[in-house]
Amino acid sequence: MDQQPHVLILPFPAQGHIKPMVGLAALLCHTGRIHVTFLNTDHNHSRLTHLQALSTLFPTLHFKSISDGLPTDHPRTLQFFPELISSIKSVTKPLFRELLADSSRKSERPVTCVIADGIMSFAIDVAKELGVRVIAFRTFSACCLWSYFCLPNLIQEGQLPVGAADEDMDMMVAGVPGMEGLLRRRDLPRICRIQLNDPLFQFFLVETQAMTRASALILNTFDDLEASILSHLAPLFSKIYTIGPLNALMRSRIGDGVPRSLSTFSNLWEADNSCMAWLDSQPLGSVVYVSFGSLAIMTRGFFMELWHGLVNSGKRFLWAIRRDTLSDAKGEQAIPVELQEGTKERGLLVDWAPQEEVLAHPSTGGFLTHSGWNSTLESIVAGVPMICWPQIGDQQINSRWVSEVWRIGLDIKDTCDRSTVETMIRTLMKDGREEIMMSMDRIAKLARDCVGQGGSSYHNLDMLIEDIGKI
Ligand code: UDX
């Protein structure tokens, strides 16, 4: 029997999870010694039309798919998240058990290690039950993950939920060691604003604790960025492999073996590359890139406030706005003339941008972002300072660290109106730029160093590869 290691990678079925995990798959297969089966849901598998091309570049990389239990025409957007997680538990879990058991019984190359998304804990339990080693991969920042581990503590102290009408959201939170004097109520993960018995809150509470049943944890972060918080997480896991920023590590380890970024392969939406030619025609560092990632939704009112703020700032902007972003798009109203004119003069709107290329483009000078963790890391790698308008999940806490700890951006959470957006863009693109750029350059260099030979993420990937190789 073939003794080469065979890793089964199972991402949660969302863009921000698939992309870094495809990156990890490519890095493992680049060794030529590790076989990887990447398991998407049937629904995403049919959307990821370019993924198969990766198997040509990495012959030991294979793709399979599994049902998420929802009907084909189900929207699977953020509003339906509870339906998705419940369906995954009832339908996908038994299918996954069957697949893994078949691999042990019938396959010539049985799975020797499962790498399961940190919010797919059923895979941890199934793998353990079948005697297969399992490692968790959490796509969050370490700072956010640590705050999730502190939720039971915050509940016990009666600090949750936050956000009642008369509550002072700027009050400091005690009970998250390492973040004293930093974390305000409004910076807590978004789920802290919902009722404690809400299935979503319970889901994250349970999934976080469940991760510790894995034999180790992989994080897409780097030691120099989050060392203080990683030291709080360390006692909870027998091993933590910090191997981020994954997009930069790929470039360092695989180099010209793959195109500039893996986004082409792991995008659920087709990128509109025409914006690159538009960027080519803009002055150096003059453009604000705007994107709120793959899940965020907003009302038409917010959308218009943002748009006014962008136009009123007088700066150039490239806005990637998914068609399904508006939560109340019905009954489209006319676009005010000043927005149409201002956008024609200085802006461009696309459905989905080739984000890593946009951030690396010399014309891009700032990033108005939702502070998703992939986007934050991509901005750091590109050395582009941020304005943060966080929406869900980990974004509230990421943006606090961006502005107050790393000092590489401005945080406008909970205050999104046209005048704030206008002022912040002007500040980031001119007046307040110098100090932020000094921090940005320093942190971007740390990111580059950690993925180079001798760097921590480079070394940790070697350790992970070595440990996976011990069959
Ligand atoms: C969410 C969370 O916020 C994130 O922290 C978590 O780890 C995964 O779920 P998401 O909304 O998808 O993530 O944001 P983000 O983590 O930033 O990922 C979005 C990805 O899509 C990025 O890699 C970005 O490069 C890509 N993207 C986004 C594009 O390629 N084009 C676009 O137009 C927009």
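Residues numbered from 1 in each chain as written. Predicted model: local features only at pLDDT ≥ 70, side-chain atom pairs only at ≥ 80, totals over all residues. Heavy atoms only, no water.

**Here we look at the overall build of the protein**
- Assigned secondary structure in the protein consists of 20 helices and 13 strands.
- On C-alpha atoms alone, the protein measures out to a radius of gyration of 22 Å, which is about the 23 Å that the 2.2 N^0.38 rule sets for 471 residues.
- With the principal axes as the frame, the protein shows a C-alpha extent of 70 × 50 × 50 Å.
- Here the protein holds 471 residues, and the buried ones make up 58% of them.
- Averaging the coordinates of the 43 positive side-chain charges in the protein and doing the same for the 52 negative ones gives two points 2 Å apart. (Helix = DSSP H or I, 4+ residues; strand = E, 2+ residues; numbered from the N terminus. Rg over C-alpha atoms; globule rule 2.2 N^0.38 Å. Buried < 20%, exposed > 50% of the residue type's maximum accessible area, 1.4 Å probe, protein only. Lys, Arg positive; Asp, Glu negative; His and termini not counted. Charge placed at Lys NZ, Arg CZ, Asp CG, Glu CD.)

**Some details on the packing of aromatic side chains**
- In this structure the tally under the stated criterion is 18 aromatic pairs.
- Look at Tyr 148 and Phe 204: their rings are 5.7 Å apart centre to centre, the planes differ by 90 degrees, and that puts the pair in the edge-to-face class. Of this pair, Tyr 148 sits in helix 6 (residues 142-149) while Phe 204 sits in helix 8 (residues 199-210), and the two are 56 residues apart along the sequence. Each member of the pair, Tyr 148 as well as Phe 204, is classed as buried.
- For the pair Phe 203 and Phe 204, a centre-to-centre distance of 5.2 Å together with 75 degrees between the ring planes defines the contact as edge-to-face. The burial state of Phe 203 is the same as that of Phe 204; both residues are buried.
- Site record: aromatic cluster; members linked through ring pairs are Phe 12, Phe 81, Phe 140, Tyr 148, Phe 203 and Phe 204.
- Of note, Arg 47 hangs over the ring of Trp 269, and the distance from its end group to the ring centre comes to 4.9 Å. (Phe/Tyr/Trp six-rings, centres within 6.5 Å; stacked < 30°, edge-to-face > 60°. Lys NZ or Arg CZ within 6 Å of the ring centre and 35° of its normal.)

**Some points on the sheet that holds strand 12 (residues 386-388)**
- Here we have six strands laid out as an open sheet, ordered 10-9-8-11-12-13, and parallel in their pairing. Bordering the open sheet on either side are strand 10 (347-350) and strand 13 (409-411), each of which pairs with just one other strand. Strand-to-strand twist of the sheet, defined as the mean angle between neighbouring strand axes without regard to direction, takes the value 15 degrees.
- With four bridges joining them, strand 9 (residues 316-320) and strand 10 adopt parallel strand pairing. When the sheet's bridge partners are listed, Phe 317 is paired in strand 10 with Gly 347. (Pairing = 2+ DSSP bridges. Axes fitted to C-alpha atoms, helices over the stretch in contact; angles between N-to-C directions.)

**Overview of the pairing of strand 2 (residues 35-41)**
- Strand 2 sits mainly inside the fold: seven of its seven residues count as buried.
- Burial along strand 2 is two-sided: the residues His 35, Thr 37, Leu 39 and Thr 41 and Val 36, Phe 38 and Asn 40 are all buried.
- Pairing between strand 1 (residues 6-10) and strand 2: four bridges, direction parallel. Bridge assignment links Ile 9 to a residue of strand 2, and that residue is Phe 38.
- In this fold, the crossover linking strand 1 to strand 2 by way of helix 1 (residues 15-29) has right-handed handedness.
- Bridge count for strand 2 against strand 3 (residues 61-66) is six bridges, and the pairing is parallel. Along strand 3, the bridge assignment pairs Val 36 with Leu 61. (Right-handed = clockwise from strand over helix to strand, strands pointing away.)

**Remarks on helix 6**
- Where burial is concerned, most of helix 6 is hidden: eight out of the eight residues are buried.
- Along its buried surface, helix 6 packs onto strand 5 (133-138), helix 7 (151-156), helix 8, strand 6 (216-219), helix 9 (223-233) and helix 17 (395-405). (Contact = heavy atoms within 4.5 Å.)

**So, the domain arrangement of the protein**
- Each assigned domain of the protein is listed with its residue range as follows: domain 1 (6-265 + 452-469) and domain 2 (274-431).
- For domain 1 and domain 2, the distance between their C-alpha centres works out to 26 Å.
- On inspection of domain 1 and its partner domain 2, the count reaches seven salt bridges.
- Between Arg 186 and Asp 414 there is a salt bridge; the shortest N-O distance is 2.8 Å.
- Scanning the region where domain 1 abuts domain 2 turns up 15 residue pairs in polar contact (both at pLDDT 80 or more).
- At the level of secondary structure, the elements contributing two or more residues to the side of domain 1 that touches domain 2 comprise helix 1, helix 6, helix 9 and helix 10 (246-254). (Domains from an automatic or database assignment. Salt bridge = Lys/Arg side-chain N within 4 Å of Asp/Glu carboxyl O. Polar contact = N/O pair within 3.5 Å; in protein donor to acceptor, adjacent residues only side chain to side chain.)

**Thoughts on the sheet that holds strand 5**
- One open sheet holds the seven strands; their spatial order is 3-2-1-4-5-6-7, and the pairing between them is parallel. Two strands close off the open sheet at either side, each with one partner strand: strand 3 and strand 7 (240-242). Looking at each pair of strands side by side, their axes are set apart by 25 degrees on average, direction ignored.
- Across four bridges, strand 1 lies against strand 4 (residues 113-117) in parallel orientation. Within strand 4, the residue paired with Leu 8 across the bridge is Val 114.
- Here helix 1 sits on the sheet and contacts strand 1, strand 2, strand 3, strand 4, strand 5 and strand 6; the angle it forms with strand 2, its principal contact strand, is near 165 degrees.

**Points about the state of the cysteines**
- This model, assessed by the stated rule, comprises zero disulfides.
- Free of any disulfide, Cys 29 has its nearest neighbouring cysteine sulfur in Cys 113, separated by 13 Å.
- Among the residues examined, Cys 29 registers a relative accessible area of 5% and is labelled buried.
- Among the cysteines around Cys 143, which has no disulfide bond, Cys 144 carries the closest sulfur, lying 6.6 Å off.
- Exposure remark for Cys 143: the relative accessible area of 0% places this residue in the buried category. (Disulfide = S-S within 2.5 Å.)

**A short note on the site of the ligand**
- Surveying the vicinity of the ligand reveals 24 residues, the closest of which are Ser 294, Ala 353, Ser 375, Glu 378 and Asp 394.
- In this structure, an oxygen atom belonging to the ligand sits 3.0 Å away from a side-chain N or O atom of Lys 19.
- A distance of 2.7 Å separates a nitrogen atom of the ligand from a polar backbone atom of Ala 353.
- When the ligand sits alone it has 670 Å² of accessible area, and the protein chains cover 98% of it.
- Secondary-structure elements contributing two or more residues to the shell around the ligand are helix 1, strand 8 (287-291) and helix 16 (373-382). (Near = heavy atom within 4 Å. Areas by Shrake-Rupley, 256 points an atom, 1.4 Å probe, with all protein chains shown as cover.)

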